[in-house]
Amino acid sequence: ELCTSYELQRKQRRHRRSAPTLADIRRIDDIDSVLFHRFLAKVEALVRASWGASSSFVQSERENDLRGGRSWVSILSGIAFLAESCPPVLGDLFCRSYPHMIAISDRNAVLPLHLAVSSIDAAAVSGSVTDSKQRRAHFINTLLDAYPASASKTSNLRSRSPFCDAVASGMTLQMSDGRMGPVQRFCDLIPEAISTRDLKTGLYPFLLAAANSTSQYRTEADHSGVIFGLLRLYPQLIHELTQDDSTASLFSAKPASELDESPCDE
């Protein structure tokens, strides 16, 4: 709403010369516009308030909350925390204006990327799942494009890589508008991640995706697309798993006589 309000107000005659569109701004510090800086102050106040909120919903939904009770680090970290509610034009604006913030972590080595891949925002959950996922996916891609090395960095608060966090939180290989999704972007940057077990669950990424609820995705096809997409990227993993005694049982068919009877058959 703040972004929409700004874009409407900047069309007024008194603001046309001084207030550019958000998409046209290269550096925030170069803008000399009362309207824009008033808008910016409101955005930062809103993000700071959300960062400091102790909503029971957020605390219950976010295991090992990456904010960790820590003090404010940067506006970019705050926006990453709200990735599912943040309009892409706003996230892009701050990434363009303050690229150094993308690599700034707190004392627990938490980067904006870590917050974005694990983002669960109460406001977004009540809205469109598709829109919220698109916004978060776009922001993750923007962070990875600006700081590719962050793809392999883990924080001190989670025993899980950013890639596995992205898979576990319902990100996909392809976005609903056809653009590359965060999972594919991670695979391009760190191909070895496809065949690396999640440190938290011990599952390979494709099994991690399979364990997700279908409700985390726009459609069932999106869910199955991640599972089989990860397998297509590293098909030899199936062969390796069938040779591993600890996982071979997952891929061996049981005789019909050993299958439990379904309640529906009764």
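Data block above holds the structure.
The rules behind each value
Counting from 1, residues in each chain are numbered in the order their sequence is written. Local features in a predicted model are, by the rule used here, given only for residues with pLDDT of at least 70; side-chain atom pairs are given and counted only at 80 or more, and totals for whole chains, interfaces and linings are based on all residues. Side-chain measures here rest on the full set of heavy atoms in the structure, leaving out hydrogens and waters. By definition, any uninterrupted DSSP run of H or I lasting at least four residues is a helix, any uninterrupted run of E lasting at least two residues is a strand, and each is numbered from the N terminus. Expected helix span is computed as 1.5 Å times (number of residues minus one). Partly exposed describes any residue whose relative accessible area lies between the buried limit of under 20% and the exposed limit of over 50%, with all areas from a 1.4 Å probe on protein chains only and scaled to the type maximum. It only takes one pair of heavy atoms within 4.5 Å for two residues to be counted as in contact. By convention, a stacked pair of Phe, Tyr or Trp rings (six-membered ring in the case of Trp) has centres within 6.5 Å and planes under 30 degrees apart, an edge-to-face pair has planes over 60 apart, and any other such pair is tilted. Here, a salt bridge means any side-chain nitrogen of Lys or Arg that lies within 4 Å of a carboxyl oxygen of Asp or Glu. Side-chain atoms within 4.5 Å are what join buried Ala, Val, Leu, Ile, Met, Phe, Trp, Tyr and Cys residues into a set we call a nonpolar core. Axis angles are defined between N-to-C directions and span 0 to 180 degrees, where every axis is a line fitted to C-alpha atoms and, for a helix, only to the segment in contact. Roughly parallel here means an angle under 35 degrees, roughly antiparallel means over 145, roughly perpendicular means 65 to 115, and every remaining angle is called oblique. Ten residues, namely Ala, Val, Leu, Ile, Met, Phe, Trp, Tyr, Cys and Pro, are considered nonpolar, four, namely Asp, Glu, Lys and Arg, are considered charged, and the remaining ones, Gly among them, are considered polar. Site definitions follow a grid-based scheme: protein atoms alone, a 1 Å grid, a 1.4 Å probe that fits but cannot get out for cavities, and for pockets an open set with protein on both sides within 12 Å along at least five of seven lines, plus lining residues having an atom within 4 Å of a point. Grid points are joined across faces, edges and corners, and a volume is the space filled by probe spheres set on the points.

Draft legend 1. The arrangement of helix α12 (residues 220–233) in detail. The end-to-end C-alpha distance of α12 is 20 Å, a good match for the 20 Å that 14 residues give at a rise of 1.5 Å each. Among all positions in α12, only D222, H223, V226, I227, G229, L230 and L231 are buried. The inward-facing, buried residues of α12 abut α9 (162–168), α10 (182–189), α11 (205–210) and α13 (236–242).

Draft legend 2. Highlighting the packing of aromatic side chains. Using the criterion set out here, one finds six aromatic pairs in the structure. Centroid distance F36 to F39: 6.1 Å. Interplanar angle 45 degrees. Geometry classified as tilted. With F36 and F39 both in helix α2 (residues 34–52), this residue pair falls three residues apart, about one helical turn. Here F36 and F39 have matching classes, each one buried.

Draft legend 3. Spotlight on the pattern of salt bridges. For the coordinates displayed, the defined rule picks out nine salt bridges. Several salt bridges converge on common partners, so that one network encompasses R27, D29 and D30.

Draft legend 4. Spatial organisation of the nonpolar core. Membership of the largest hydrophobic core comes to 66 residues, with the highest contact counts inside it found for F36, F94, F139, F163, F186 and F206. Per-element tally for this core: the top contributor is α2, with seven residues. Setting aside chain neighbours within four positions, we find F163 in contact with V183, F186, C187, I190, A193, I194, P205 and L230.

Draft legend 5. Seen up close, the packing of α2 against helix α5 (residues 88–97). Between α2 and α5, the least distance of the axes is 14 Å, while the angle of their chain directions is 100 degrees. Judged on the interaxial angle alone, α5 and α2 are roughly perpendicular. Across from F36, F39, L40 and V43 in α2, the residues of α5 making contact are L90, L93 and F94. Considering only residue class, the contact of α2 with α5 consists of seven nonpolar, no polar and no charged.

Draft legend 6. Main features of empty space enclosed by the protein. Here the structure, examined in full by the defined rule, presents three cavities of 30 Å³ or more. Size it by volume and the largest cavity reaches roughly 160 Å³. Forming the boundary of the largest cavity are 15 residues, of which K133, Q134, T172, S176 and D222 lie nearest the centre. Considering each element in turn, the lining of the largest cavity owes the most residues, four residues, to helix α8 (residues 129–146). In the lining of the largest cavity, the residues fall into five nonpolar, seven polar and three charged.

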